[in-house]
Amino acid sequence: MLRLPRRRLLTLGGAALIGTLPAPRIGNPFTLGVASGDPLPEGVLLWTRLAPKPLEPAGGLPPVGYPVEWQVAADERFTDVIRQGTTNAIPAYGHSVHVDVQGLRPGRDYFYRFRSRGHVSPVGRTRTAPAKTASPKAFRFAITSCQAYADGYYDAWRHLAAEEFDVVFFLGDYIYEGAITSAGGNRMDDTLRLPDTFQLETDTLDLYRMRYALYRTDPDLQAAHAAFPWVLTWDDHEVQDNYADDVSRFTTTPKNDFLVRRANAYRAYWENQPLRWPRQPAGPDMSLYRRFRFGDLAHAYVLDTRQYRTDQACGDNLRAGCDDRNDPGRTLLGAGQRDWLLDKLGRSEARWNILAQQIMMAECRYGGPANRLDMDKWDGYTVDRRRILQTAARKPGTVVISGDIHNNYAADLRVDFARPETPAVAVELVGTSITSGGDGKDTTPQLDMQRRWNPHLRLANGQRGYVRCELGRDTMRADYRVMSQVLRRGGTISTRASFVSERARPGLVTP
Ligand SMILES: [Fe+2]
């Protein structure tokens, strides 16, 4: 049984305003599981959200706050409790809980749980980052993205949870904003009937909150959150497909209207992810780009390529002959984030530098007579790309990890892709989706064409899954883990392809 001190520690800003609360009986509020994220050497962020009726507005809770106790222990049975306290889940934050635990030891596993209203949450396991001065022999991480609920089951998460990772990177499209049928879309084994509200495209805060709740009810996704700390960034679907800064995909939407929607989406995102308090959005603005250090072995730069970008060139989508994409006035990262990245990357003394971001950085010609490029990707923002790759050229060990595109690619990155004879300056691992796009295929005529027209691509695969990556002191290894199926339950996982790259001599080769 959980034993916690009786005194209430009001650790959240504004929590003291709640006062003494009525205590209506509620069912188990821990239907959305637990999560941890953004690991530092001495601390980690713990998350949960109270929702006894997860598919109802406000999770079925009245507009009052609830005390939530938390514990962090060195062992799974909680005989050695290291830190504990009480916080409040309040309606202004969708009854979410964000506990910024500090005073932990670097590079250690910890276990955590919550208690509220007589209910105890599932137990999560997390891991702090190594000390800044440590020299770890290995850093293991997963590359994940794009988990459209309506497109399949989350067996990939179950397989991932059975592996061993220091961190799970999630690179965007945690939710999709479109309508979901009452039968749960293309999920084929369910007898589930969703409330009609899921047939509305998300735009209000309530609808975004409910969309996160739907996703988080999935036990396989919960298992993956409970197994490792996650480091997340968003892509477009957390707000709206292919939006750019304050520009909706629908050009008739006034900017102010779109910013109201973006504010709702960002707030629900922060509430539902293991992100620290200072990351909280202010209206339509939320600072998400940040750096993590894993001793001297790896630094990770988590980027946001949506909030600050210039609108897509030449009307977006696949375009040929679009010179506008090379306009030096265009930016994908925005000046502030770009300068921050170039400065940090340029001065990094880590063995490896990971750029954790949303969209494919390698040039990707679609082939055929038109040979188009995708204006939503780095191909539409070539000046920012060149500056980053020029910096990477002076900095051995740059690994770009990407999502978004629902395919696996592995690429050698060059400052000038038109000169394949020049040396690679970095490598890119593009991870496929967890479910988005349904079962997928190993290869398609389109993927074959991309391989032919882009000699720097070492792999193009259209199955679902994730990438398992391990950085050693001198060598990186990546395994592309693919699912047999996702439209039906019970998909199995296997390794479709593996690559290694030497830190001192970037370039992917098969082991
Ligand atoms: Fe996606």
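Look a little higher up for the structure.
All figures in this text were calculated on a predicted structure; none of them were measured in a lab. Counting starts from 1 at the beginning of each chain's written sequence and moves along it residue by residue. Selection of residues for local features in this predicted model requires a pLDDT of at least 70, selection of side-chain atom pairs for listing and counting requires 80 or more, and totals for whole chains, interfaces and linings are taken over all residues. No hydrogens and no water enter the side-chain calculation; it runs on all heavy atoms of the structure.

Considering the pattern of salt bridges
The condition that has to hold: Any Lys or Arg side-chain nitrogen located within 4 Å of an Asp or Glu carboxyl oxygen qualifies as a salt bridge. Per-residue accessibility, obtained with a 1.4 Å probe over protein chains only, is compared with the maximum for each type, and a residue is labelled buried under 20%, exposed over 50%, and partly exposed between these values. Each helix is a run of DSSP H or I of at least 4 residues and each strand a run of E of at least 2, with the numbering of both proceeding from the N terminus.
All chains considered together, the criterion is met by 37 salt bridges. Of the charged contacts, one joins Arg 419 and Glu 421 as a salt bridge, the two residues approaching to 3.3 Å between their closest N and O atoms. Arg 419 sits in the partly exposed class, given a relative accessible area of 42%. Here Arg 468 ties to Asp 479 by a salt bridge, and the two come within 3.1 Å at their closest N and O atoms. Of this pair, Arg 468 sits in strand E22 (residues 465-471) while Asp 479 is found in strand E23 (residues 475-483), placing the two residues 11 residues apart along the sequence.

Side note on the packing of helix H2 (residues 205-216) against helix H4 (residues 255-272)
As a reminder of what qualifies: To get an axis, a line is fitted to the C-alpha atoms, and for a helix only the part in contact is used. The angle between two axes follows their N-to-C directions and goes from 0 to 180 degrees. When the near helix sits turned anticlockwise from the far one by under a right angle, the crossing is termed left-handed; a clockwise turn instead gives a right-handed crossing. Every residue pair with non-hydrogen atoms within 4.5 Å of one another is taken to be in contact. Just so you know the grouping, Ala, Val, Leu, Ile, Met, Phe, Trp, Tyr, Cys and Pro go in nonpolar, Asp, Glu, Lys and Arg go in charged, and all remaining residues, Gly too, go in polar.
Their axes nearest at 8 Å, the elements H2 and H4 cross at an angle of 35 degrees. Relative to H4, H2 is oriented so that their crossing is right-handed. Residues Leu 205, Tyr 208, Arg 209, Tyr 212 and Arg 216 of H2 lie in contact with H4, whose contacting residues are Arg 261, Asn 264, Ala 265, Arg 267, Ala 268, Tyr 269, Glu 271 and Asn 272. In terms of residue class, the contact of H2 with H4 is built from 6 nonpolar, 2 polar and 5 charged.

Quick word on the sheet that holds strand E21 (residues 457-463)
By way of backbone hydrogen bonds, the strands of a sheet pair with one another, either parallel or antiparallel. This is how it is decided: Strand pairing is defined by DSSP finding a minimum of two bridges between the two strands.
Spatially, 8 strands are ordered E12-E13-E15-E17-E19-E18-E21-E20 in an open sheet, and the strand pairing comes out mixed. Sheet topology places strand E12 (290-294) and strand E20 (440-441) at the edges, where each strand pairs with a single neighbour. Sheet strands in contact with helix H5 (residues 335-347) are E12, strand E13 (298-302) and strand E15 (352-356), and its direction is about 175 degrees off that of E13.

Points about the layout of surface pockets
This is how the line gets drawn: Space inside and on the surface of the protein is sampled on a 1 Å grid over the protein atoms alone, with a cavity defined as a set of points where a 1.4 Å probe fits but cannot get out and a pocket as an open set with protein on both sides within 12 Å along at least 5 of 7 lines; lining residues have an atom within 4 Å of a point. Grid points are joined across faces, edges and corners, and a volume is the space filled by probe spheres set on the points.
Reported here for the largest pocket is a volume of approximately 300 Å³. Contributing to the lining of the largest pocket are 23 residues, with Tyr 366, Asp 374, Lys 377, Asp 404 and Ile 405 lying nearest its centre. With 3 residues, the single largest contributor to the lining of the largest pocket is helix H7 (residues 445-453). Its residues assigned to classes, the lining of the largest pocket shows 5 nonpolar, 9 polar and 9 charged.

Details of the side chain of Asn 242
Rules: Any N or O atom pair separated by 3.5 Å or less is treated as a polar contact, with the protein-specific requirement of one donor-capable and one acceptor-capable atom, and with residues adjacent in sequence counted only for side-chain atom pairs.
As for its position among the elements, Asn 242 is in the loop between strand E11 (230-232) and H4. A distance of 3.1 Å separates the side chain of Asn 242 from the side chain of Asp 316, its partner in a polar contact. Beyond its immediate sequence surroundings of up to four residues, Asn 242 is in contact with Asp 236, Arg 306, Gln 312, Asp 316 and Asp 376.

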